[in-house]
Amino acid sequence: MVQYGTQRINEAGILEIGGVDATVLTETYGTPLFVYDVEDIRSRAAAFHQAFRDENVHYQIAYASKAFSCIAMLELAADLDLSLDVCSEGELYTAVKAGFPMKNIHFHGNNKTPQELEMAVEHEIGCIVVDNFTELSWLMALTESKKQQMDVLIRITPGVEAHTHEYISTGQEDSKFGFDLNSGQADQAVDMLKDHKWLRLQGVHSHIGSQIFRAEGFEEAVRAVFQSIRKWEQAFGFYPQVLNVGGGFGIRYAEGDKPLPLGEYITRMVKEVKNEAAEMNKPVPEIWIEPGRALVGEAGTTIYSLGARKDIPDVRTYLSVDGGMTDNIRPALYQAEYTALLANRANDPAEEQVSIAGKCCESGDMLIWDLELPKAGRGDLLAVFSTGAYGYSMANNYNRILRPAVVFVENGRHECVIRRESLEDLVKLEESYSLSKTAAQTDR
Ligand SMILES: Cc1ncc(COP(=O)(O)O)c(C=O)c1O
Ligand SMILES: N[C@@H](CCCC[NH3+])C(=O)O
């Protein structure tokens, strides 16, 4: 078994996370259950901090809250000296509720609404990462009308291929995100912003994609951005105070995944920035990164109860769990691969090959193909690893399935940070309709 974070198999052959027995967790909170290993998140944040400190540069590590956002997570992020990347009013609202320092928040998105921009300006967040000309003109008008200043970065697409799934690749020219470099749009945006009265252009942002294993992509992006910086320096006298290279640092999902140690991505990327700045005879800008998956992905485990079994002789055995694409859409969306084991019989030897199906009415609702397991069925618990990023945050109610609970574990303690959805929650949004119907009936 690949070991994640603080996980271990105890003397009874049961999976423990953060010193807590998986069966205790499922008896207390039910299944499916997201379990987050807090110590693992702490050590990942520490690895990023250490790498920057070793390079002796100014930096910010902004947790990309799209990976997993809830009040407890954002409190933890603040505690770990992380900044925050939000990309919707909902993510910003969660940060407000968590008491996250507003000055450390960066707002992203290719279609921020006027209301979202207003919310960001009113809360005086750290900066807005401007994505396109529509947003730029709205933001100019908004800050002018409020007579309020706002720091901004411009997001550019550096034209770098990220070597990842095309759905999570964002640095290429043909992308909905950011200002394009080749066509001169980015130059125009810098020109519009450089002496603006209310918008203070602090720097540049680029994000090449997600689940990236090679540091070369980040180095290449830095070189591409600096080519433009040289141009901007000459044309407008603009040199950035901040260079945000985005997130995307890969993690281990399947056996074959070989991410670099987190610090190595940083060291190599920072060295490239230092080289480029030295060539221009300029100071090294403050370097920002935005990891989501790399901070929380491997720290999350989903525990399911096994249910129905279907053996198709000479074809395949399907074992179904009590969740699926409603709590983990990544296999269906990106053909993502996962590993798993029986949490309650973790030392039992593998006896058969099975495929793990979800319970949705979709043939594509499969979590794992061809998994070696002991003979298992009802009463057994399946722990699927590395589900901490884009699992709960992409969860949905397809088939009116309830979203799972989320538990944080650390040093033998466990705490529910998001309760399981209830059947009443499902119809809550329809309350006004049901009430008006009841009222109409009583009027008759
Ligand atoms: C702008 C931006 N920053 C950060 C991230 C976080 O990516 P990851 O979770 O792969 O680190 C994303 C998602 O890909 C993103 O679009
Ligand atoms: N949701 C995606 C990543 C998208 C990241 C945001 N740009 C995933 O699960 O891998």
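Residues numbered from 1 in each chain as written. Chains lettered and ligands numbered in written order. Predicted model: local features only at pLDDT ≥ 70, side-chain atom pairs only at ≥ 80, totals over all residues. Heavy atoms only, no water.

Identification of the protein chain as Diaminopimelate decarboxylase from Alkalicoccus luteus is taken from an unreviewed UniProt entry. Looking at the protein chain in UniProt, the text filed under Function (unreviewed entry) is "Specifically catalyzes the decarboxylation of meso-diaminopimelate (meso-DAP) to L-lysine." UniProt lists a comment for the protein chain under the heading Cofactor (unreviewed entry), and it reads "pyridoxal 5'-phosphate". (UniProt positions renumbered as here; feature names shortened; annotations may be inferred.)

**Student:** Please give an account of the UniProt feature "modified residue: N6-(pyridoxal phosphate)lysine" (unreviewed entry) in the protein chain that cites residues and values.
**Tutor:** In the UniProt entry, the feature "modified residue: N6-(pyridoxal phosphate)lysine" (unreviewed entry) is given for Lys66. Take lysine 66: its relative accessible area is 29%, and that puts it in the partly exposed class. Here lysine 66 is in contact with Asp85, Cys87, Glu91, Tyr390 and Ser393, once residues within four sequence places are set aside. (Buried < 20%, exposed > 50% of the residue type's maximum accessible area, 1.4 Å probe, protein only. Contact = heavy atoms within 4.5 Å.)

**Student:** Would you mind going over the pairing of strand S17 (residues 352–357) in detail, with residue names and values included?
**Tutor:** Here S17 lies mainly inside the structure; 5 of its 6 residues are buried. Bridging between strand S15 (residues 316–321) and S17 involves 3 bridges; their strand directions are parallel. Across the sheet, the residue bridging to tyrosine 318 is serine 355, located in S17. Two elements, S17 and strand S18 (residues 366–373), share 5 bridges in a ladder whose sense is antiparallel. Following the sheet pairing, valine 354 is matched in S18 by leucine 371. (Helix = DSSP H or I, 4+ residues; strand = E, 2+ residues; numbered from the N terminus. Pairing = 2+ DSSP bridges.)

**Student:** Break down the environment of asparagine 244 for me, with residues and values.
**Tutor:** Tracing the backbone through its elements, the reader meets asparagine 244 in strand S12 (residues 242–244). Accessibility expressed as a relative area gives 1% for asparagine 244, which makes it buried. Remark: the alpha-carbon pair of asparagine 244 and arginine 413, spanning 169 residues in sequence, is separated by 36 Å. When near neighbours in sequence (up to four residues on either side) are disregarded, asparagine 244 contacts Leu153, Val204, His205, Ser206, Trp288, Ile289 and Glu290. A polar atom in the side chain of asparagine 244 sits 2.8 Å from the backbone nitrogen of glycine 246. A distance of 3.1 Å separates polar atoms of two side chains, one belonging to asparagine 244 and the other to glutamate 290. (Polar contact = N/O pair within 3.5 Å; in protein donor to acceptor, adjacent residues only side chain to side chain.)

**Student:** Kindly report on the side chain of aspartate 365, identifying the contributing residues and their values.
**Tutor:** The residue aspartate 365 is located in the loop between S17 and S18 in this model. Despite its burial, aspartate 365 pairs with no opposite charge, the nearest such side chain being lysine 359 at 8.7 Å. When sequence neighbours within four positions are dropped, the list of residues in contact with aspartate 365 reads Gly323, Gly324, Met325, Ala357, Gly358, Lys359 and Cys360. (Lys, Arg positive; Asp, Glu negative; His and termini not counted. Salt bridge = Lys/Arg side-chain N within 4 Å of Asp/Glu carboxyl O.)

**Student:** Hey, could you go over the packing of aromatic side chains for me, with residue numbers and the actual values?
**Tutor:** Here a ring pair, both rings aromatic, is described through the centre-centre distance and the interplanar angle of the planes. Summed over all chains, the structure comprises 14 aromatic pairs. Residues phenylalanine 68 and tyrosine 392 carry aromatic rings whose centres are separated by 6.3 Å and whose planes lie at 90° to one another, so their mutual orientation is edge-to-face. Highlighted residues: phenylalanine 68 in the loop between strand S5 (59–64) and helix H3 (71–79) and tyrosine 392 in the loop between strand S19 (381–385) and strand S20 (405–410), separated in sequence by 324 residues. Classification of tyrosine 392 as buried rests on a relative accessible area of 14%. With a centroid separation of 5.3 Å and an interplanar angle of 55°, the aromatic rings of phenylalanine 249 and tyrosine 265 are classed as tilted. Of the two residues, phenylalanine 249 is situated in the loop between S12 and helix H9 (262–279) and tyrosine 265 in helix H9; the sequence distance between them amounts to 16 residues. Here phenylalanine 249 matches tyrosine 265 in class, with each residue buried. An aromatic cluster of at least three residues, connected via ring pairs, comprises Phe34, Tyr36, Phe68, Tyr392 and Phe408. Its end group placed over the ring of tyrosine 4, arginine 252 keeps NZ or CZ at 4.6 Å from the ring centre. One Lys or Arg, lysine 282, reaches over the ring of tyrosine 239 and ends 5.4 Å from the middle of that ring. (Phe/Tyr/Trp six-rings, centres within 6.5 Å; stacked < 30°, edge-to-face > 60°. Lys NZ or Arg CZ within 6 Å of the ring centre and 35° of its normal.)

**Student:** Describe the site of ligand 1, listing the residues and the values that go with them.
**Tutor:** Within the structure, ligand 1 sits among 15 residues, and His207, Ser210, Glu290, Arg293 and Tyr390 are positioned closest to it. The side chain of glutamate 290 places a nitrogen or oxygen atom 2.6 Å from a nitrogen atom of ligand 1. Between an oxygen atom of ligand 1 and a side-chain N or O atom of tyrosine 390, the distance comes to 2.6 Å. Notes on ligand 1: free accessible area 390 Å², of which the protein chains cover 92%. Among the residues forming the shell around ligand 1, the class breakdown is 3 nonpolar, 7 polar and 5 charged. (Near = heavy atom within 4 Å. Areas by Shrake-Rupley, 256 points an atom, 1.4 Å probe, with all protein chains shown as cover. Nonpolar A, V, L, I, M, F, W, Y, C, P; charged D, E, K, R; others polar.)

**Student:** Can you lay out the site of ligand 2 for me, pointing to particular residues and giving the numbers?
**Tutor:** What surrounds ligand 2 is a group of 7 residues, the closest being Arg293, Arg330, Tyr334, Tyr390 and Met394. Side-chain polar atom of arginine 293 to an oxygen atom of ligand 2: 2.6 Å apart, as the coordinates give it. Separating a nitrogen atom of ligand 2 from a side-chain N or O atom of tyrosine 334 is a distance of 2.9 Å. When ligand 2 is considered free in solution it has 310 Å² of accessible area, and contact with the protein chains removes 83% of it.

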